[in-house]
Structure formats: structure tokens, C-alpha cells
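Structure at a glance
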Amino acid sequence: MDYKDLIMYQIYPRSYYDSNNDGIGDIPGITLKLDYIASLGINAIWLSPFFTSPMKDFGYDISDYCDVDPMFGTLDDYRKMLDKAHSLGIKVIIDQVLSHTSDKHPWFVESRSSRDNSKADWYVWTDMEADGTPPNNWLSIFGGPAWQFDTSRGQYYMHNFLVSQPDLNFHNPEVQDAVLAVSEFWLDQGTDGFRFDTANFYFCDKELRSNPPWEDQSVHGRGGGTGFNPYAMQAHKYDKTQPENIEFFKRMRKLADSKGAVVMVGEIGSDYGLQTIAEYTSGDDKLQTCYGFDLMEEDCDGKYIYEVLQNAKKYLDDSYICWATSNHDVVRVASRWKVDGVAPEQISKFAMALLTANRGMPCFYQGEELGLGEADVPYELLQDPYGIEFWPNFKGRDGCRTPMVWTSDSGGGFNTSGQSWLPVVEDHLAHSVAALEGKQGTTLDCIRKLCGLRHSSSALKYGEIAVASADEAGNVFSILREYEDERIIFIFNGSATVEKVELAFACGLNQLWSEFDFGAEIVEDKIVLEPYGVYVGLSRV
């Protein structure tokens, strides 16, 4: 199976399905729900980390790369899940969190023990300045300096995230070899590919030079920072996105190809997201695809999305981007793009259609197919250290991580005990799988129809893309895909008002797709689009 045939679905394991009633989702729970996933038309799942971890950052702080944390199950459970997924034609993509480890990882325990042990240079260590301060101005995304003083060595170590997540030193060839061996282990289990967390963070500047201030105000939606976080005030010239990073991924690509891996997906948090994605995916010797945060901004109206699509066309002609509008780190799209007078379900349908239409790999986040909005988790129930640090200006990521709702009963069918690590919110129950199953016109119906269209359409998988605007502002825009004798067009109204466009804007594709009502109709010589409505027309010879 070619990676361009994949439709990916992200699973946050601790919130998907709890098979043993301990309040935490697990790998056997995922296995039990694979038939449901296959019914959506999904043929690839991305699993967020399930490896051994102290869980300070909920699995993104790994203490053993080659084992399953007991809260999620066992390595044998993982193999059983793989077998079931493969029997259903589903590829399994797992997170590789390689830029940093937990401070409980044996590598770091040894590294911090002295300055002359066998792993002394496996992490980014540096001496203090003459006045006792860190060597530069680098900041942690999670708040404060990116440097922590360690009394055992009398030196600072670098951490891009929590203090308990020290950064590995990829300038050391032994570190590269070690993480390649980790990836080889999982490929040998039968894993089909990887999603690389913070893929452009592996290398920092060898000289540890300070970052300059951010001055390019023309760039909208840079990855990595937010308005309340000082991290966004720097241009991240030296702490990440170094040229050596790409050379490392060439090594990783050779390994993956030798094992028959299907796909490698990179997460790019960069000042210049699309340009960086192009660098990491051009040609056939690096990552096949990457995703950034361009469609995970708050103000993604039609004009902004049109600009993103234009820039993608400009920078990514030689690349195959992975498109996502939600994941485990951002407010759910139904709430983030909220528009007065527009139902959240319509926003969800619009977003799913956008992912389907775009050139690149669609990636849906669990619950997106149900039209779930962001859960309101009160401060006293927060789990996310990021949200606890910046409350109340930023409530963290717990609101998009609450348990999946399978039934409309109290507890949402997440398990039979009714206990869960984050609360199941009442607002979600009306959108459960059971509540939507079998009903026409729901978001669940929508994703199935869209996935079916994507699988049946060579134009959507392999075709070129043309983007056009129907108005000067760009609130109404089209995506035209063509491949051999097939043509398909999506016309999007990214505004809060009813919009009409000339039928000619459909480029001759004037037969409205009859499979689903996306909030569009043809009236005389006009296409009438409801707020956040989508017109779909296609032609096959």
C-alpha cells in the first residue's frame, strides 16, 4: 500500500477505550474498537505514546523505549492489536519521541551521575556562565528557561519541554545509533511506520548561540508559541531546525525502507512551518510527509485557509503534506473555529471535507468524526502540566483529551466502572457513537462518505491541485483535483453568511455530489452555500 492511499486516524490511547475499568484507556481497548475504526474507512491509525513512562507529560516522557507501560497493557497486547489491525487492512503508525527522554530513563540517570561516564555526552550539557546563569536565552515551551541546573554534575542540561524531559545530544553519533535501534525494534514487531514527535527539535546549535527576538510580523500562525507565552517572542534560529536534523532523517529513511515501512510522518513546529515541511519531505530520501499547525490556528476563516492553501501550493509542489485540523495538543476544531449562528457539527463537516479535498494525507483526530467540541475541564481536575502552568489564560490540553464517548449513558461507555482519568463531559453524550450510528446527515455519516470518496478517487489521492477564490477576500474558495480522466471540485464557504457563486466557478463540474448534503444547492445559475457549507462536484469518464 502506497502512503498516498492512507487516511490516518489519531488515537490518544489513555482516552479511547478502557478494557479493564481502571479509568485509563489501553491497547486491548483499542483492539476492541478496530472494527469501528475500519467502518469509518480509516486504513491507518497513529497511536500516541504507550511506552514505559513516569507520565509527567502523559507518555511523552519515556523511560523505556522498547516496552509498553503496564497501564496500557503488554508487548503481547500490542502484537495482538497489530495482528487484528492488519487483518482489517489498517496500518499501525506509532509515536517516536526521540528528541528527549524522561529524567528517569537509564540513559539520563547514568549521564547525570558524573562528567566522565559512558553516557556523559548523551544529553545537552553545558557549564554555567561566570555569574552562574545559563549559557543563552533559550526558553522552554512549557514555561521558563530551557536550562535546568543539575547539582550532580554542576552543569546545566537542556529541556525544550518539562524539566523532567532532558534533551538528547544528537551531535553524538552514539545517540543517533541508539534511537535508530529503538525504531528498528518496533519495525521488527511489524509496525508500519512512525509519527516523529517534534521532528525538527533533535539538533540544537553546537555553539549554543542565543536566539534573536522575533520580528517578522508577517508570519501568521508560527508553530510553538502562543500570545501568553514568552517562547513566541524569539526567532528560533539556534535551538531547533538545524541542518543536521535533515541528515539524520536520511539515516532513518534508509532504515525504514530496508524494513518495508509504509510511512514516516514528522511533526513540525517551526517559525516557517510550510517551508520547513518542504525541506523535510522533498525528494525520496527523507520523511514522506509532515504536518504543521497551519490549520490548527484559532482564526481559520475562509480567507486564512485560502492563504494557507496558496502557500502550500507555493512551497510544497515537491512534497506530500499531512493535513490535520485537530490533535491532542490543540482545542478541538468544532470549538476553535466556532462561529456565531453556525452549528459546531457544520464546522466539523467543513473541516473534514477540507482534509479530504486537500493534496496530502488526511489525519482525523479521535472524536472529530462525532463533531465533539472542546470539553470544559475545571482547574481542580486538570492533569496537563502545560495548562496548570499558564492557567487561566491557557487551560491546557485536557479539553481535547477527555474520553471518547461510545454511548450516551453516564460515563459515555468509556468503560463499565464510570471512572475515568479525565471527566466525561455531559455535552459530549448526545454526540456518542451510539447516538449518531445509522443516522443520515450526521458527522459520523459525513466521515464515512468522505473516506469512501477519497478511497475511490484517484484524483484526490494522486491528482494535482488548483486553488481559486470566488471573491476578493477569499472567504469562498475552491479546491480542484484532476488525475487522468477524473476531475473533482470542492467549493468552501468559510464565512458566517450565505454566499452565492456563479455556476461557472464549478469549472463545468455542475452535478452536485448526491451522497451527502454539505450545506450547498444549485438554484438556477448559482451555487448557494450555507455558512461553512461545502459544494462537491465530480466527473469521471
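Preceding this paragraph is the structure being described.
This structure is a prediction, so every number in the text was calculated from the model and none was measured.

Concerning the pairing of strand β13 (residues 361-365)
A large share of β13 lies buried, amounting to five of its five residues. Of the pairings in the sheet, the one linking strand β1 (residues 8-11) to β13 comprises three bridges and is parallel in character. From the neighbouring strand, methionine 8 faces β13, where its bridge partner is cysteine 363.

A few points about the sheet that holds strand β20 (residues 534-540)
Ordered by their spatial adjacency, four strands build an open sheet running β14-β15-β16-β20, and the pairing between neighbours is antiparallel. Only two strands of the sheet have a single partner each, and these edge strands are β14 (464-469) and β20. Neighbour-to-neighbour, the strand axes of the sheet open up by a mean angle of 15 degrees, direction not taken into account. When strand β15 (residues 476-483) meets strand β16 (residues 486-493), the two strands line up antiparallel, connected through eight bridges. In the sheet register, serine 478 faces β16, and the bridge partner there is isoleucine 491.

What about helix α5 (residues 173-188)?
Along its 16 residues, α5 runs 22 Å from first to last C-alpha, staying within 8% of the 22 Å computed at 1.5 Å per residue. All buried positions along α5 are accounted for by Val175, Gln176, Ala178, Val179, Leu180, Val182, Ser183, Trp186 and Leu187. Of the residues flanking the start of α5, the one acting as N-cap is asparagine 172, its side-chain oxygen 2.9 Å from the backbone nitrogen of glutamate 174.

What about the side chain of serine 270?
Tracing the chain through its elements places serine 270 in the loop between β10 (263-267) and α7 (273-281). Side chain to side chain, serine 270 and threonine 276 meet in a polar contact 2.7 Å long.

Description of the nonpolar core
Membership of the largest hydrophobic core comes to 130 residues, with the highest contact counts inside it found for Tyr9, Tyr36, Ile45, Tyr78 and Phe490. Considering every element that reaches this core, the biggest residue donor is helix α10 (residues 344-357), with eight residues. Filtering out sequence-adjacent residues up to four positions away, isoleucine 45 remains in contact with Met8, Tyr9, Ile11, Leu34, Ile37, Met81, Ile90, Lys91, Val92 and Ile93. Core analysis: the second largest hydrophobic core is formed by 18 residues, Ile93, Phe293, Tyr320 and Cys363 among them.

Describing the packing of aromatic side chains
One pass over the full model with this rule turns up 46 aromatic pairs. Ring geometry for phenylalanine 196 against phenylalanine 249: centres 5.2 Å apart, planes inclined by 70 degrees, an arrangement best described as edge-to-face. Of this pair, phenylalanine 196 sits in strand β9 (residues 193-196) while phenylalanine 249 sits in helix α6 (residues 243-258), and the two are 53 residues apart along the sequence. By relative accessible area, phenylalanine 196 is classed as buried at 0%. Taken together, the ring pairs in this structure connect Phe170, Phe194, Phe196, Tyr202, Phe203, Phe248, Phe249 and Tyr280 into an aromatic cluster. Over the ring of tryptophan 421 we find arginine 14, and its NZ or CZ is 4.6 Å from the ring centre. A cation over an aromatic ring shows up here: lysine 33 above the ring of tryptophan 406, its NZ or CZ 4.1 Å from the ring centre.

So, helix α3 (residues 75-87)
For α3, spanning 13 residues, the distance from its first C-alpha to its last is 19 Å, which sits close to the expected 18 Å at 1.5 Å a residue. Among the residues of α3, Leu75, Asp77, Tyr78, Met81, Leu82 and Ala85 are the ones counted as buried. Viewed along the axis of α3, the buried residues span an arc of 150 degrees, placing them on a single side of the element. For α3, exposure combined with an orientation more than 90 degrees from the buried face picks out Asp83 and Ser87. Where α3 is buried, its residues touch α1 (27-32), α2 (34-40), β2 (44-47), β4 (64-68), β5 (91-96) and α5. Just beyond α3, the residue with positive phi is glycine 89, at close to 80 degrees.

Quick notes on the rules
- Residues numbered from 1 in each chain as written.
- Predicted model: local features only at pLDDT ≥ 70, side-chain atom pairs only at ≥ 80, totals over all residues.
- Heavy atoms only, no water.
- Buried < 20%, exposed > 50% of the residue type's maximum accessible area, 1.4 Å probe, protein only.
- Helix = DSSP H or I, 4+ residues; strand = E, 2+ residues; numbered from the N terminus.
- Pairing = 2+ DSSP bridges.
- Axes fitted to C-alpha atoms, helices over the stretch in contact; angles between N-to-C directions.
- Expected span 1.5 Å × (residues − 1).
- Polar contact = N/O pair within 3.5 Å; in protein donor to acceptor, adjacent residues only side chain to side chain.
- Core = buried A, V, L, I, M, F, W, Y, C linked by side-chain atoms within 4.5 Å.
- Contact = heavy atoms within 4.5 Å.
- Phe/Tyr/Trp six-rings, centres within 6.5 Å; stacked < 30°, edge-to-face > 60°.
- Lys NZ or Arg CZ within 6 Å of the ring centre and 35° of its normal.
- Arc of directions from axis to C-beta.

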